[in-house]
Structures are given as structure tokens and as C-alpha cells.
Amino acid sequence: MADERNFRSTYYEKVGCRGVEERKSLEILLKEKPLNLTKLTQFCIRFTVPKIHRTVLWNSLLGVTPVYDKSRDYVMEQRVAVYNDLLKALKTMRIVDENTPTSRVLYAMWLLEKKQLYLGRDITQESHFCNITKVLLEIFDNDIETYWMAKSLYDYSEEVSLEMGKLSDLTYTILEKEDSGLYIHLKSCDMLTALPLADWYRSFFAGVLSEPALIRIWDKICGGAIKIVVFVMIEILRMLRRRVLRCVDQKSLFECIDSIKNEQETADMIVNGAIELWQQNKGHEYIPQSKVKALS
């Protein structure tokens, strides 16, 4: 019976379904006062977060809401006030209006708060912050919470930027180990180093994989496991192996990867494989400094 339960639990994790035991465990953790961020982080690392609890868990892990329940109402009141002040300022300056896409509004708010909204700044330009925000807006309904979560995830994105040299090297090393034929082909055609790893890693594959699949990767990232992006990249290449081996230049390779954007089944298989490969390489796990500070 024990073996059967273990097999079932592994299967549920692969297909993105949750076992009853995991859900009950999370509900117990969310009732603790104060919340234990270390335990919640471990849950995110080990399991996919049930949809019904994702808002509460992500808000807690990303520092949007405090661990002490008595402080939550006050903290959220302050966050709502800041959000409304920023939005009012942008409307007064006529930088945004009712027709501005929400992701661009949140981007402009972030620029204003960071004192980077200089005269003539184009808020329609591509940015990692916008890419992250677009995904969050597909997942969550509360724009205020989404704004604050986007800020925290962007902090992780900044740390990815600082680690890009190591992450790139790790990508090449593990790809060569897992599929030497694919590695040799990409390298011989000068396509390996042409991969826009910095853009994909910093946006956590927003716009590359569909949101329903991507969200399971972001569960891990909210738990601080930002190096999982390496294994997502490797699994994308492995999943598209036959098509990639037919590519002989950068243009055809990018078109190949871009083709999976709307392939939900393919995205699910990529995420399942990436999580499994990441779990087999736990020695490469890395906790961002922002997460370390939050847990200390």
C-alpha cells in the first residue's frame, strides 16, 4: 500500500494534480500563527500549489502580506493607498487612461515609484516587468495584489540578471550531459550562444510557455528556486529535439521554439519534464538573497 501511495503521489505531481494529503498539509500550514515561511517555501519547492490557495501562498512568500495575521489588514491598507496614489498621479499627468492596458498601467506605476518615469518615457516598450505582469494578470483577479507580487518577482528577475553568467554555463553543461547530440548540433551551427537566455530567464519564460503550465514553474520560483529556469530551457530543447535538429540557423530555431506558445499539451509535458529533471539535480538549487532576507 505504501508503494502504491508513493507511486500515486509521484504521478499526481507529474500531471499537475494534487493529492489530498498535500492539500491538507498546506491548509494546516496556512492556519499557523504566525505563518512559517520556511515550511511554506519547502511546500512550494516540493509540490504544485493548489489553485484555491495560490493567492494566499504567493502573497505570503513574496512579502505582499505579513506573516502575522493581526498586521495584514493594516499592511494591505497601506499597499492599497500607495497603489491608488500612484494611479491618481499617472492619470493626472495623463500618462495612462481608461484605455491603457492594465499591464502598462502597472509598469508605469512601477517606473514612477522607482523614480524612472522621466519625460517622454515610452511605457509601451517591451520589459521584463511587463512580461511578468501579463502572466500574473491572467492568474489573479486583484490588480493591487498583482502589482505588489510583480514587484517582488521582478526583484528575483534582477537577481537572475546578476547570475546570468553562471546560469548560462550551467545550461550548457547540463544540456551536454543530458543530450550531447543536441548540444553538439546547436554549438556547431552557432545557435547555442545565440539563445536569448537572459530574456527568457529574466521573464521566467513568460510569453514562451502558456500560463496554465507556466504557473507550476512559478510556484517553485516563489519558493526561491530560480535555477529551475535552466531545466525549463533544457526540457524545451529536448521536447522539440527532432525539430531543433532540423534547424540550421537562429531564425529557424527561434521560430521552432515560438511555435509552442499556444501548444498547451506540449507546455504541460515540458513543465513536467523540467520539474523532474530539476528534482534530479537539486545540488544546483539556489535561493535568492531577497528570499534569504525574508526568511531570516
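Scroll up a little and you will see the structure.
Rules of the game
Residues numbered from 1 in each chain as written. Predicted model: local features only at pLDDT ≥ 70, side-chain atom pairs only at ≥ 80, totals over all residues. Heavy atoms only, no water. Core = buried A, V, L, I, M, F, W, Y, C linked by side-chain atoms within 4.5 Å. Buried < 20%, exposed > 50% of the residue type's maximum accessible area, 1.4 Å probe, protein only. Contact = heavy atoms within 4.5 Å. Helix = DSSP H or I, 4+ residues; strand = E, 2+ residues; numbered from the N terminus. Polar contact = N/O pair within 3.5 Å; in protein donor to acceptor, adjacent residues only side chain to side chain. Phe/Tyr/Trp six-rings, centres within 6.5 Å; stacked < 30°, edge-to-face > 60°. Lys NZ or Arg CZ within 6 Å of the ring centre and 35° of its normal.

Some points on the nonpolar core
Membership of the largest hydrophobic core comes to 86 residues, with the highest contact counts inside it found for Y201, F205, W218, I221, I236 and I257. In this view, F205 contacts W200, L214, V229, V232, M233 and I236; residues no more than four positions away in its chain are not counted.

A few points about the environment of R72
Note that R72 resides in helix 5 (residues 69-92). By relative accessible area, R72 is classed as partly exposed at 24%. Dropping the residues within four chain positions of it, R72 is found in contact with L35, T65, P66 and V67. Among the polar contacts listed, one links the side chain of R72 to the backbone oxygen of P66, at a separation of 3.1 Å.

A closer look at the side chain of S210
Position of S210 among the secondary structure elements: in the loop between helix 11 (197-202) and helix 12 (211-222). Its relative accessible area of 10% is what places S210 among the buried residues. Residues within four places of S210 in sequence aside, it is in contact with K261, Q264 and A267.

Quick look at the packing of aromatic side chains
Summed over all chains, the structure comprises 11 aromatic pairs. Measuring from centroid to centroid gives 6.2 Å for Y107 and F129, while their planes differ by 35 degrees, and the two rings are tilted. You can see Y107 sitting in helix 6 (residues 102-113) and its partner F129 sitting in helix 7 (residues 128-139), a full 22 residues away along the chain. The residues Y107 and F129 share a single accessibility class, namely buried. Above the ring of W148, the side-chain terminus of R79 is found at 4.4 Å from the ring centroid.

All we've got here are geometric facts, nothing functional implied.
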